[in-house]
Amino acid sequence: MTDRASTATVAAPNASAITAGGIAWAGSLVGVNNPNNLGYRYSTPSKRYRTTLDDGDDASRDVPTNIQVQFRNRQGEDLAQTLDLPTQSTIDDLTALVHSLLENSDSHDEQQRQKQGAGKIPYSFYATILKNGVQDDVEITHTLSDLLQQHAISTEDVLQLTYQPLAVFRVRPVTRCTDTLPGHTEAVLHVQYAPDGQMLASGGGDTTVRFWDVHTSTPKYTCKQHKNHVLCVAWAPNGKRFVSADKNGVWIVWDPTKGEAVGKAVKAHRQWITSLAWEPMHLNAACDRLATSSKDGTIKIWNVRTQAQNLTLSGHTDSVESIKWSGDGFLYSASRDRTIKVWNVDRGILVRTLTGHGHRINTLALSSDYVLRTGPFDHRGTKFASEEAAQQAAQEKYEAFRAQGPERLVSGSDDFTLFLWHPQENKHAIKRLTGHQQAVNHIAFSPDGRYFASASFDKKVKIWNGFSGDFLTTLTGHVGAVYQVAWSSDSRYLVSASKDSTAKLWEMPSGKRARETLPGHADEVYALDWSPNGASVATGSKDRTIKIWKH
């Protein structure tokens, strides 16, 4: 990532030009579509070039060379004694130090981690600071010195640093289109990889569901039983079933290995189905319970094996736009009536109602979405001998994720805001997140839960701290509304799909400029998914094609 100093040197090689004011390229829509934009804008020299030229204000001179640091893990347990570290220490330096301390630790758990090769695990670091009188955790992105300057932290106090393990494996960034998959005769509205990443399914305006072989990028099955647009799709966490729902309020469960419907099409709702959610695998090894929500304002729970309706949850006064089935067994529903409801599915009762949004709620995201979606599967392609073994693996995976704290829920609305909730504990929002200038239409948590990204019609993607909800950065570059975002399974990359007919790849959490632009579609990109095994990205477009992107 280019630092501010090098940018200043290139953009304005002499100080006199800067003092007088600089000009910088403005970028988009130059020409007949925007005759008033001449392709440049005036910039404030004090903001753009301060770090290079204002020698008298060089804050780094005021930062001491050392600081007292106390490391602790996510459970709040201290690692070793307080250490005196150079303020120029980078993340790599801190990681190497933590590995060294763990190797010398007498803790049985730490010794077990070492046996499992934990010495190779990379770490992220969060500093505990006071912000406006409230304790908060801020991630270190470069050096301790940068952190001290940005947040005016006193070096006389002991700095508390929490270390958090990152994914050991690394997903390679997607950079090129390897295949274009034709077949749909109308816009592709959904693409979704199976939980193990071994198959791709799509649905669209042509009323068909299609299954694709991800290894050869060829069609496997075309399923034509729907009579109207396929509006939502979902893979069961065990990968053995796939469900699609249409504008007539009908859902159909498919056997992806045969391309055939399992049972009959079920007329579930009076109006179209807006969202689908499977019960997590660690709660139900058979993966046979499904929740559907509809524009008719109801939520229904089904047994897909018997096709029997188990439960109807009513209480919303308008269309239910999104539902999520949590790893703790609760169901969350967001509605146009501006409320989110928390349901106990087993007892069929309403637990609490979350209010705060001023307009209809479009989307929900759970911090555990990725863990629940992939069930027992991981990047190694592990196979399981039985349902019980797979459920046990899913249970262990969820418990490891849950160790970092309670599940968090984020909602996005037409009121341009997001709310961060702890929905099982409190009916009041943890934080109200502002910054978007148009409706928020999609939110996605990173697989490790450290961040979440929000996509908006204002052409921007914003990145937020997944625990505190603090704003981190805005990703600008799209020249049309952003419809959807998807994370790589190692949480190091994000890809976004837009009305401008492109997808863009961003490096997290530092990248403000797109690392790659993925062009090729001839129209708006509606659908997007990153394979859970990290191998590829699929995009679906209004141009009726699906494109596969790889490194």
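Quantities reported herein were computed from a predicted structural model and do not represent experimental measurements.

Q: When you look at the overall build of the protein chain in this model, what are you seeing that I'm missing?
A: The helix and strand tally for the protein chain stands at 9 helices and 40 strands. Looking at the 551 residues of the protein chain, the share that counts as buried comes to 52%. Long-range pairs, those at least 24 residues apart, make up 51% of the contacts in the protein chain with a sequence separation of at least 6. Only carbon and sulfur atoms are counted for the fraction: they give 46% of the accessible area of the protein chain, which is about 24800 Å².

Q: Quick question: what am I supposed to make of the sheet that holds strand β28 (residues 418–421) here?
A: In any sheet, the strands associate via hydrogen bonds between backbone groups, in a parallel or an antiparallel arrangement. Here 4 strands make up an open sheet; going across it, the order is β26-β27-β28-β29 and the pairing antiparallel. Both edges of this open sheet fall to β26 (361–366) and β29 (431–433), since each of them pairs with a single strand only. Put simply, the sheet's adjacent strands are angled 20° from each other on average, direction ignored.

Q: For this particular structure, what's the right way to read unusual backbone geometry?
A: If a residue is not glycine, its phi is most likely negative; likewise, a peptide bond is most likely trans. Of note in the backbone geometry, Ser 217 takes a positive phi value of approximately 55° without being a glycine. Using a relative accessible area of 11% as the deciding quantity, one classes Ser 217 as buried.

Q: What is the right way to look at helix α7 (residues 144–151) in this model?
A: Residues that lie three or four places apart on an α-helix share one face, since the helix turns once every 3.6 residues. For α7, every residue scored as buried is listed here: Leu 144, Ser 145, Leu 147 and Leu 148. The arc that holds the buried residues of α7, viewed along the axis, is 160°, so those residues lie on one side. A positive phi of about 50° marks Ala 152, the residue just after α7.

Q: Looking at this structure, how should I read the pairing of strand β20 (residues 298–303)?
A: Regular strands show a simple pattern: their side chains alternate between the two faces of the sheet. Most of β20 is tucked away: 6 of the 6 residues are buried. Here β20 shows two buried faces, one formed by Thr 298, Lys 300 and Trp 302 and the other by Ile 299, Ile 301 and Asn 303. The pairing of strand β19 (residues 289–294) with β20 spans 5 bridges and is antiparallel. By the bridge assignment for β20, Leu 290 is matched with Trp 302. The hairpin formed by β19 and β20 contains 3 residues between the paired strands, and Gly 297 there has a positive phi angle of roughly 90°. Summarising the sheet, β20 and strand β21 (residues 308–314) pair through 6 bridges and their orientation is antiparallel. Note on β21: the bridge partner recorded for Ile 299 is Leu 313. The hairpin formed by β20 and β21 contains 4 residues between the paired strands, and Gln 307 there has a positive phi angle of roughly 60°.

Reading the values: rules and limits
- Residues numbered from 1 in each chain as written.
- Predicted model: local features only at pLDDT ≥ 70, side-chain atom pairs only at ≥ 80, totals over all residues.
- Heavy atoms only, no water.
- Helix = DSSP H or I, 4+ residues; strand = E, 2+ residues; numbered from the N terminus.
- Buried < 20%, exposed > 50% of the residue type's maximum accessible area, 1.4 Å probe, protein only.
- Contact = heavy atoms within 4.5 Å.
- Areas by Shrake-Rupley, 256 points an atom, 1.4 Å probe, with all protein chains shown as cover.
- Pairing = 2+ DSSP bridges.
- Axes fitted to C-alpha atoms, helices over the stretch in contact; angles between N-to-C directions.
- Arc of directions from axis to C-beta.

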